[in-house]
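The chain contents come next:
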Amino acid sequence: MRFEHFEHGADVGVRGFGATPEEAFEGAASALFSLVAEDLATVRDESSEMLTCSGPDLPELLVAFLNELISLSDVRRLAFGRFEVAIERRGERDLRLAAWAFGERYDPLRHSSRVEPKGATFTALKVSHGPDGWLAQCVVDV
Amino acid sequence: MSASTLREVEPNVWELPKAGRMRVPGRIYASRDLVDALDEKVREQLGNVAALPGIVGCAWAMPDAHWGYGFPIGGVAAFDPEEGGIVSAGGVGFDISCGVRTYTTGLTQGALRDRLETLADDLYRTVPAGVGSEGALHLSIEELDDVLRGGARWAVERGYGDPEELARVEERGAAAGADPHKVSRRAKERQVRQVGTLGSGNHYLELQAVDRILDAAAARAFQIVEGEILATIHCGSRGLGHQIGTDYMQLLGKSAPAHHIELADRELACAPIRSPEGQDYLGAMRAAVNCALANRQVICHLVRQVFSRHAPEARLRLLYDVSHNTCKEETHTVGTRPRRLFVHRKGATRAFGPGHPDLPPEYTAVGQPVLIGGTMGTSSFVLVGTKESEARAFSSSCHGAGRRMSRTQARKQWHGTSLIRELGERGIVIRAHSASGAAEEAPGSYKDVEEVAKVAEDVGLSKRVARLRPIACVKG
């Protein structure tokens, strides 16, 4: 999974890369959850959560997806380490996303956290396709 | 942002003239150095805020301002419902009613010296903090609705604190008009186990020594004595507030075109105050304010318990509780006429001057305490609201030091463990739930709080009363 963080004022930007938009979304989700568990390899696949969301375009879909993950992990007390994303175009300005998020109950001793994400924002929001493939990014309020 | 591109209308007051769609000018309260350190984005964001319907006065930036979402952090803007004024989810932010609460303890640093580490250890164990932490209270959704209506009053009724304290919490402990029905189930689910938790990031619980008294009369009214230990917490409305922010950012963004509001930036997401969407957001936002007030009240009960174990002679008296991400309906004089305005303070503190009717009687003569959090290695300040602040920015002041360096940069520059050791050598006991989180909060990654507080005083936003020095800090 290819992902990184980028700088933004008081908060953190998350950025994922991939051959498809789905992979780039998975990367962005990995960047987000590496704030919760710095080394995603320490997160076991013990529990899985399915989630769906929709949006008029890919950027908005990314924000909806990341916000859904933040609230799911908060409600279920889970750290997520791995994601599988499927995106379907239902019509003009109607994109649907279905995903699995895999993880386990957050364990402060094993999952060395940086900071708790509060919400994904529209700041520096971008989903684009370039010569190196897809990129999906936005700033997360922490 | 280069100061030379702005007009300095008075010392430390910089004007962004009306241009384009701006309905009012923008104003930045800052020294030349603070202006030069500002991101160019703050100018754009102030201009966007100044273009929102029904704005009154100016779009203001406080001395600790920096680039935020939609509104700058350290942004203040007031809107008149009579003139189509709006309420903005972006103008309040994700961590609704994040704020600071400070207690005096009656103890001196000398008296506590041998017990400081033990006390810090117990605070670290007792107050739930950090990613994924749970409070001791597990509430049903119905019980949570009572929290959302009752705020700190709910907590006091449950035995968390003294009823006498409520007068020294903004809105006397509970925001009126909170409507739990306007809060999504998901938001409530996030909160049922989080009441009484500190959170992470820049949230903290700190013991501070009063380093210097700068205004003797106000210090007397606040009952602060030089050399005394204060206990301060900084935290907000936790998962519930974050979810309300997320939900309404989406909802108000979508409804804006129907209200003929053109948003220069999605994160200005707003609706007319007198619209169903605007009223829904106000009901939900006030519920989050109450959630934050209850949260801080419960945490302080835990702090009291810790003191009773290690320093039973301590007498914790609430100095004040301020919120700094809010929208409040207040009366302000514009020209000669009093008007009801909806004042957004995002990363800014309400700062009522002396004589304001909403102040508790013991503070009426001096004004409202304004609590400014520094960093774990630098000073914090207690300030007091002034008469002039009404005309300056509808009785508002700064809220903290304000970041000057990104978290990523801070991580490159500092290492959590060695930073904690260095602070320890300076006599500051740090207990952190995340080493890298601590590195991101390194004192050097913030602006100079001394300068922020001084500018706030120089321009009349509020006046310095006491400087506080950290002696122990629990980081989320």
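Residues numbered from 1 in each chain as written. Chains lettered and ligands numbered in written order. Predicted model: local features only at pLDDT ≥ 70, side-chain atom pairs only at ≥ 80, totals over all residues.

Draft legend 1. Here's a closer look at the overall build of chain B. Regarding its fold elements, chain B presents 14 helices and 19 strands. Here chain B has a C-alpha radius of gyration of 21 Å; the compact-globule value for 476 residues is 23 Å, and the two agree. The principal-axis extents of the C-alpha atoms in chain B amount to approximately 60 × 50 × 50 Å. Residues classed as buried in chain B amount to 64% of the 476 residues present. Considering only contacts in chain B between residues 6 or more positions apart, those separated by 24 or more positions represent 78%. (Helix = DSSP H or I, 4+ residues; strand = E, 2+ residues; numbered from the N terminus. Rg over C-alpha atoms; globule rule 2.2 N^0.38 Å. Buried ≥ 20, exposed ≤ 12 C-beta atoms within 10 Å, placed from the backbone. Contact = placed C-beta atoms within 7 Å.)

Draft legend 2. Expanded view of the packing of helix α8 (residues 238-255) of chain B against helix α9 (residues 276-310) of chain B. Residue and element names in this part refer to chain B. Interaxial distance between α8 and α9 falls to 10 Å at its minimum, and their mutual angle equals 170°. The angle between the axes of α8 and α9 places the two elements in the roughly antiparallel class. Helix-helix and strand crossings are classified by hand; for α8 and α9 the assignment is left-handed. Of the residues in α9, those touching α8 at Arg 238, Leu 240, Gly 241, Ile 244, Tyr 248, Leu 251, Leu 252 and Ser 255 are Glu 277, Tyr 281, Ala 284, Met 285, Ala 288, Cys 291, Ala 292 and Asn 295. Residue composition of the contact of α8 with α9, grouped by class: eleven nonpolar, three polar and two charged. (Axes fitted to C-alpha atoms, helices over the stretch in contact; angles between N-to-C directions. Parallel < 35°, antiparallel > 145°, perpendicular 65-115°, else oblique. Left-handed = near helix turned anticlockwise from the far one by under 90°. Nonpolar A, V, L, I, M, F, W, Y, C, P; charged D, E, K, R; others polar.)

Draft legend 3. How the structure looks around helix α12 (residues 416-425) of chain B. Residue and element names in this part refer to chain B. Gly 416, Leu 419, Ile 420 and Leu 423 are the residues of α12 that are buried. Seen along its axis, α12 keeps its buried residues to an arc of 100°; they face one direction. Opposite the buried face of α12, at more than 90 degrees from it, the exposed residues are Ser 418, Arg 421, Gly 424 and Glu 425. Buried residues along α12 sit against β18 (429-432) and α13 (435-440). Positive backbone phi, approximately 90°, marks Gly 427, located one or two places after α12. (Arc of directions from axis to C-beta.)

Draft legend 4. Main features of the confidence of the model for chain A. With 100% of its residues at a pLDDT of 70 or more, chain A shows a mean pLDDT of 94. When mean pLDDT is taken per element in chain A, helix α1 (residues 21-33) of chain A scores highest with 98 and strand β1 (residues 2-8) of chain A scores lowest with 92. (pLDDT = per-residue confidence, 0-100.)

Draft legend 5. Geometry of the pairing of strand β13 (residues 337-346) of chain B. All names here are of chain B. Pairing analysis gives five bridges linking strand β5 (residues 73-79) to β13, with the strands arranged antiparallel. Bridge pairing in β13 places Gly 75 opposite Lys 346. Here strand β12 (residues 325-334) runs beside β13; their pairing, made up of ten bridges, is antiparallel. The residue bridging Thr 326 from the neighbouring strand is Arg 345, located in β13. The turn joining β12 and β13, which pair antiparallel and follow one another in sequence, is formed by two residues; a positive phi near 70° is taken by Gly 335. (Pairing = 2+ DSSP bridges.)

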